[in-house]
Amino acid sequence: MLRTMLRELSLSGDLAALLHQQPPGGREHEKQIVADFLANARGIRTETDRLFLVNGAQQGLDITARALLSPGDTVAVDALTYPGFKMLAQAQHLALQPVHSLTDGPDLDALNTLCQRKRVRAIYVMPTMHNPLGWVLTAGQRQHLVDIARHYDCLLIEDASYAYLVKQSPPALVTLAPERTVYIASLSKSLASGLRFGFIVTPEKYRLPIKSTIRANYWSLPSLITAIGTRWIADGTVARQENRMRQEASKRQAIARQALYGMDVVAHPYSLFLWLRLPPELRMDRIATALADHNIAVSKATAYSTTRHSPHALRLGLSSVPREELFSVLTQVRSVIEHFPI
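Residues numbered from 1 in each chain as written. Predicted model: local features only at pLDDT ≥ 70, side-chain atom pairs only at ≥ 80, totals over all residues. Heavy atoms only, no water.

Undergrad: Residues and numbers for empty space enclosed by the protein, please.
TA: Applying the stated criterion to the full structure yields 2 cavities of 30 Å³ or more. A volume near 50 Å³ is recorded for the largest cavity. Forming the boundary of the largest cavity are F37, R42, A160, S161, A163, Y164, Y183, A185, S186, L187, F199 and E242. The set of elements that each furnish at least two residues to the lining of the largest cavity consists of α2 (28-42) and β8 (181-186). When residues in the lining of the largest cavity are grouped by element, the largest group, 3 residues, is from β8. In the lining of the largest cavity, the residues fall into 8 nonpolar, 2 polar and 2 charged. The space that makes up the second largest cavity amounts to roughly 40 Å³. (1 Å grid on protein atoms, 1.4 Å probe; cavity = no way out; pocket = protein on both sides within 12 Å on 5 of 7 lines; lining within 4 Å. Points joined across faces, edges and corners; volume = space filled by probe spheres on them. Helix = DSSP H or I, 4+ residues; strand = E, 2+ residues; numbered from the N terminus. Nonpolar A, V, L, I, M, F, W, Y, C, P; charged D, E, K, R; others polar.)

Undergrad: Break down a nonpolar patch on the surface for me, citing the residues and quoting the values.
TA: Residues L2, L6 and L224 make up a contiguous nonpolar surface patch of roughly 250 Å² in combined accessible area. Tracing the chain through its elements places L6 in helix α1 (residues 2-10). Assessed through its relative accessible area of 39%, L6 is described here as partly exposed. (Patch = residues over 30% accessible without salt bridge, like charges linked within 9 Å, V, L, I, M, F, W, Y side chains within 5 Å. Areas by Shrake-Rupley, 256 points an atom, 1.4 Å probe, with all protein chains shown as cover. Salt bridge = Lys/Arg side-chain N within 4 Å of Asp/Glu carboxyl O. Buried < 20%, exposed > 50% of the residue type's maximum accessible area, 1.4 Å probe, protein only.)

Undergrad: Before we move on, can you summarise the sheet that holds strand β9 (residues 198-201) with the specific residues and values?
TA: Taken together, the 7 strands give an open sheet; going across it, the order is β1-β9-β8-β7-β6-β2-β3, and neighbouring strands pair in mixed fashion. Strands with a single pairing partner mark the edges of an open sheet, and in this sheet they are β1 (51-54) and β3 (95-99). Between one strand and the next, the sheet's axes are offset by a mean angle of 20°, whatever the strand orientation. Where β1 meets β9, 4 bridges bridge the pair, whose relative direction is antiparallel. Residue pairing for β9: V54 is matched across the bridge by G198. The sheet contacts of helix α4 (residues 83-91) involve β2 (74-78), β3, β6 (122-125) and β7 (155-159), and relative to β3 the element is tilted by about 145°. (Pairing = 2+ DSSP bridges. Axes fitted to C-alpha atoms, helices over the stretch in contact; angles between N-to-C directions. Contact = heavy atoms within 4.5 Å.)

Undergrad: I'd like to hear about helix α9 (residues 223-234), residue by residue, with values.
TA: Residue pairs spaced three or four apart in an α-helix point in one direction, given the helix's 3.6 residues per turn. End to end, α9 covers 16 Å across 12 residues, agreeing with the expected 16 Å (1.5 Å per residue, within 8%). Residues of α9 that are buried sit in contact with α1, α2, β1 and α10 (237-259). (Expected span 1.5 Å × (residues − 1).)

Undergrad: Go over the side chain of T81, please, and point to the residues and values.
TA: Its location among the elements puts T81 in the loop between β2 and α4. On the accessibility criterion, T81 (0% relative accessible area) is buried. Discounting chain neighbours no more than four positions away, the residues touching T81 are K86, Y124, M126, N131, P132, Y304 and T306.

Undergrad: Summarise the layout of surface pockets; cite the residues concerned and give the values.
TA: Of the volumes computed, that of the largest pocket is approximately 620 Å³. For the largest pocket, the lining is made up of 30 residues, of which Y162, S188, K189, S193 and S319 are closest to its centre. Among the elements of the structure, α3 (56-68), α10 and β13 (313-317) are those that each provide at least two residues to the lining of the largest pocket. A per-class count over the lining of the largest pocket returns 13 nonpolar, 12 polar and 5 charged. For the second largest pocket, the calculated volume is near 320 Å³. If you list the elements that add at least two residues to the lining of the second largest pocket, you get α2 and α10. Class assignment for the residues of the lining of the second largest pocket results in 11 nonpolar, 4 polar and 6 charged.

Undergrad: Give me the lowdown on the sheet that holds strand β10 (residues 264-266), citing residues and values where you can.
TA: Taken in spatial order, the 4 strands make up an open sheet running β10-β11-β13-β12, and their pairing is antiparallel. A single partner strand is all that each edge strand has here, and the edge strands are β10 and β12 (299-300). Inspection of the sheet shows β10 paired to strand β11 (residues 273-277) by 3 bridges, in the antiparallel sense. Across the sheet, D264 pairs through a bridge with R277, a residue of β11. Strands β12 and β13 of the sheet are contacted by helix α11 (residues 284-292), whose axis makes an angle of about 35° with β13.

Undergrad: Describe the pattern of salt bridges, naming the residues involved and giving the relevant values.
TA: In the structure shown here, the tally under the stated rule is 13 salt bridges. For E248, the salt bridge identified is with R252, shortest N-O distance 2.8 Å. Remark: R252 and E248 occur in helix α10; sequence separation between them is 4 residues, near one turn of the helix. Assigned by exposure class, E248 and R252 land together as buried.

Undergrad: Can you explain the pairing of β3? Please cite residues and give values.
TA: Alignment of β2 against β3, held across 5 bridges, turns out to be parallel. Looking at β3, one finds that V75 is bridged to L96. Handedness of the β-α-β unit built from β2, α4 and β3 comes out right-handed. (Right-handed = clockwise from strand over helix to strand, strands pointing away.)

Undergrad: Which residues make up the packing of helix α5 (residues 108-117) against helix α6 (residues 139-151), and what values go with them?
TA: As a packed pair, α5 and α6 sit with axes 10 Å apart at the nearest point and diverge in direction by 5°. Regarding the angle of α5 to α6, the classification is roughly parallel. Contacts between α5 and α6 involve L108, D109, L111, N112 and C115 on the former and, on the latter, Q141, H144, L145 and I148. (Parallel < 35°, antiparallel > 145°, perpendicular 65-115°, else oblique.)

Set out below in structure tokens:
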């Protein structure tokens, strides 16, 4: 794909344009391609002046926090959440307040209670394919969440990095509460982690702060990257790749269910990762070290936990191992856990 695209670009009429600096947040015609993609593939309609191209979803989160939050602001997050958001919150001196998790999503009654007793400036959420637990919030849960945000005047930061893995999901939060939701996603998970092509959809009232922060921090993406990304969107490559990734994730989850049968696993059937709770007598750091001795890298719950005490659990990524080797690797994970000396 890359070889073909580079050849296509080398034969394009205005190759020199790829050496020109872009306007902050992207060139108009490329933003329109992304806007059309969001409308057709995600059901999200936005004007291009509220859409900004960024270097992946992580930078989108960072730009949003820098532009719209201040040091000391309270942000409600899930008790288990994306480590990248934890890191930027620490760097920007934001106060994270964990919200207890239920089996199918955050405890929204607990979130409401938190907002009653404390001024919560923003709520960071992953409503579609939560990382690391894989939940997809129902339409009712999403509306309840939006109602809470409106009642207490909270900003909603919607992280849709893994949303592409769910072909049909309830409407994105940005469609339910466009006046207070910043929607952030990228092609890093679905296409290539090194492409660093992401996008932000912001309410009109936050457009200028977001644009100013982009200008102050990095000005614009490399034109070569946006040309590759938007051409792959426009010619259907991204849609085909996302469909392939969904099929691949389903097959890998089936392998995982077979290899880890009977263990305490939490995962969505189309997720590329799973959450493995350990028996109460085992400690995650010791298990992670033992697995590392077998050249198996896993993530410990401490990276995801926003509470004082982390559960003893591991996040296993399923996409970095060739599929034909996945069963044997997961069987080895199981063996290390089941035969670990107590």
